[in-house]
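# Overview (structure and organization)
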Amino acid sequence: MNKNKNGKAIALLPLLIFIGLYLGVALISNDFYAMPVSVPFLISAIIALLMNRKETITKKVNIFCKGAGDSNIILMCIIFILAGAFAQVAKDMGAVESTVNLGLTILPSNILVSGIFIIGCFISISIGTSVGTIVALSPMAVGVAEKVGLPVALVIGAVIGGAMFGDNLSMISDTTIAATRTQGCDLKDKFKTNFYIVVPAAIITAIIFAIITSGSGTILEGEYSYNIVKVMPYVSVLIAALLGVNVLIVLIGGTVFSGIIGIAYGSFSFIGFLQSIAKGINGMSELVIISLIVGGTVEVIKFNGGINFLLNFITSRVKTRKGAEFGIALLVGLVDICTANNTIAIVMTGPLAKNISDQYGIEPEKTSSLLDTFSCFSQGIIPYGAQLLAAAGLANISPFAIMRYLYYPYLMALCAIIAIFLGLPKIKKRVDKEKLVKGA
């Protein structure tokens, strides 16, 4: 274990090299597809392993493997694999086309993207997982974009925005639970505080999507044929997720259900069903590889002192209440950028944030809201996070292409910053009833 409590700034070099390589090649070639995402990740991983010469390469490789084999990383990879299988089988069966046509029949084309964003908000706040929401909605969103003639990245940006809304606000989200537990406040109090900060951002986002897509794309007229039975796999997946069924069971069930319908309607044979599953799994192979590399690299960066450096750099500069709130926001945001996991970022920074908030009189629900909001902001925009990687993989586009359309995460952070400046929302000081009784 690294005994350097102050950490080392140089340990963050692999992350900077990744960003520099990817963006540098993309800008020089004017093509974000020029540099495969896995290559700069691999280079940054190698650099992380070559650093800290005081330790043997064998030990650092073991640390890398520990990070890559973390239960959260492996679970994420399994979800990606099952999501790829479900998405491909549903597509080959005809679910995407039927669902898109159903959506086009119900909604005018100029508010389809806003509708997708709102649906994403509803699903994510209900099931408490952004990745699950993205997996469920992305295939349909891609079909809508292609049918209407809008940029796929734009519609996927709406999906991710809606997914991050629930990840931040849901009562059953991992981030909400972690934030409230580390600060010792009730879920409902954190929800109320968070609600006033992020809902304005969601409303503005829906309006923006409606405005920028008004008059865009193909003018849709006439009727669109769809088979309601072929829509049912998506409906069943959403309902099961809303009921709290484990995401692995949801995806397996959705894949089997899609296969049964596909065979019944002659979309493919049983062998074709198996081939469709294999095709979907193979389509997620790069995403799985990237997830393993990122998990290992982050663990090595942590061991080399990169995370400790960030923690100490920020906490040593806090002087006022507002400064403390900004410090907590910056702290959890930067740790999330380094770890690519908002729940882990909250767990790591929560105890420090608690100390800071106690020292400067920040209410626990406000601190938990800051932790959740700014970790979700960072997680929702980093191109190597599970959210953008999953969405980009399902949509077959670059994660960087989506970043310009992530209106909700940007507005969420802006609203939170304004709230800090204005001291909002105002929180009534609670009176400890036990102390009142004792003092009576």
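Residues numbered from 1 in each chain as written. Predicted model: local features only at pLDDT ≥ 70, side-chain atom pairs only at ≥ 80, totals over all residues. Heavy atoms only, no water.

## Observations concerning the packing of aromatic side chains
For the record, the criterion: By convention, a stacked pair of Phe, Tyr or Trp rings (six-membered ring in the case of Trp) has centres within 6.5 Å and planes under 30 degrees apart, an edge-to-face pair has planes over 60 apart, and any other such pair is tilted. We count a stretch as a helix when DSSP gives it H or I for four or more residues in a row; a strand needs E for two or more, and each element gets its number in order from the N terminus. Whether a charge lies above a ring is judged from NZ of Lys or CZ of Arg, which has to be within 6 Å of the ring centre and within 35 degrees of the ring normal.
As enumerated under the stated definition, the model contains 14 aromatic pairs in all. Each ring, one from Phe 117 and one from Phe 209, has its centre 6.0 Å from the other, and the planes form 45 degrees; the classification is tilted. Taken together, the residues span a long stretch of sequence, with Phe 117 in helix α6 (residues 112–127) and Phe 209 in helix α10 (residues 187–213) at a distance of 92 residues. For the pair Phe 195 and Tyr 196, a centre-to-centre distance of 5.9 Å together with 85 degrees between the ring planes defines the contact as edge-to-face. Linked through ring pairs, Phe 117, Phe 165, Phe 209, Tyr 405, Tyr 407 and Tyr 408 together constitute an aromatic cluster. Stacked on the ring of Phe 313, the Lys or Arg Arg 317 has its end atom at 3.9 Å from the ring centre.

## Thoughts on the side chain of Thr 213
Applicable threshold: Any residue under 20% of the maximum accessible area for its type is buried, any over 50% is exposed, and the rest in between are partly exposed; the area is computed with a 1.4 Å probe on protein chains only. Polar contacts, as used here, are pairs of N or O atoms within 3.5 Å; protein pairs need one atom able to donate a hydrogen and one able to accept it. Residues neighboring in sequence count only if both atoms are side-chain atoms.
Assignment of secondary structure puts Thr 213 in helix α10. Overall, Thr 213 belongs to the buried group, its relative accessible area being 0%. Among the polar contacts made by the side chain of Thr 213, one reaches the main-chain carbonyl oxygen of Phe 209 at a distance of 2.5 Å.

## Some remarks on helix α17 (residues 342–360)
Within an α-helix, residues lying three or four positions from one another point in the same direction, as the helix has 3.6 residues per turn. Stated formally: Take the seven residues that end at a residue and the seven that start at it, fit an axis to each, and the angle between those axes is the bend at that residue. We call two residues in contact whenever any of their non-hydrogen atoms come within 4.5 Å of each other.
Gly 350 marks the point of greatest bend in α17, at about 45 degrees, and the proline Pro 351 comes within the next four residues. Within the sequence span of α17, burial applies to Asn 342, Ala 345, Ile 346, Thr 349, Gly 350, Ala 353, Ile 356 and Ser 357. Lining the buried residues of α17 we find α8 (152–169), α9 (174–183), α15 (306–315), α16 (321–339) and α18 (364–381). N-capping of α17 is provided by Asn 341, with a side-chain oxygen placed 3.1 Å from the backbone N of Thr 343. Immediately downstream of α17, the backbone of Gly 361 shows phi near 70 degrees, a positive value.

## Considering the pattern of salt bridges
Note the following rule: Whenever Lys or Arg places a side-chain nitrogen within 4 Å of a carboxyl oxygen from Asp or Glu, that contact is recorded as a salt bridge.
Overall, the coordinates contain six salt bridges when judged by the stated rule. Among the salt bridges present, the one from Asp 372 reaches Lys 190, with a minimum N-O distance of 2.6 Å. With a gap of 182 residues between them, Asp 372 in helix α18 and Lys 190 in helix α10 connect regions that are remote in the sequence. On the basis of relative accessibility, which here comes to 1%, the residue Lys 190 falls in the buried class. Salt bridges here are not isolated pairs; linked through shared partners, they connect Arg 321, Glu 325, Glu 363 and Lys 366.

## Some details on the environment of Ser 98
Here Ser 98 lies in helix α5 (residues 95–106). Take Ser 98: its relative accessible area is 6%, and that puts it in the buried class. Sequence separation between Ser 98 and Ser 225 is 127 residues, and the spatial gap between their C-alpha atoms is 7.1 Å. Apart from the residues lying within four places of it in its own chain, the contact partners of Ser 98 are Tyr 226, Asn 227, Lys 230 and Val 231.

All quantities given are derived from atomic positions and should not be read as evidence of function.
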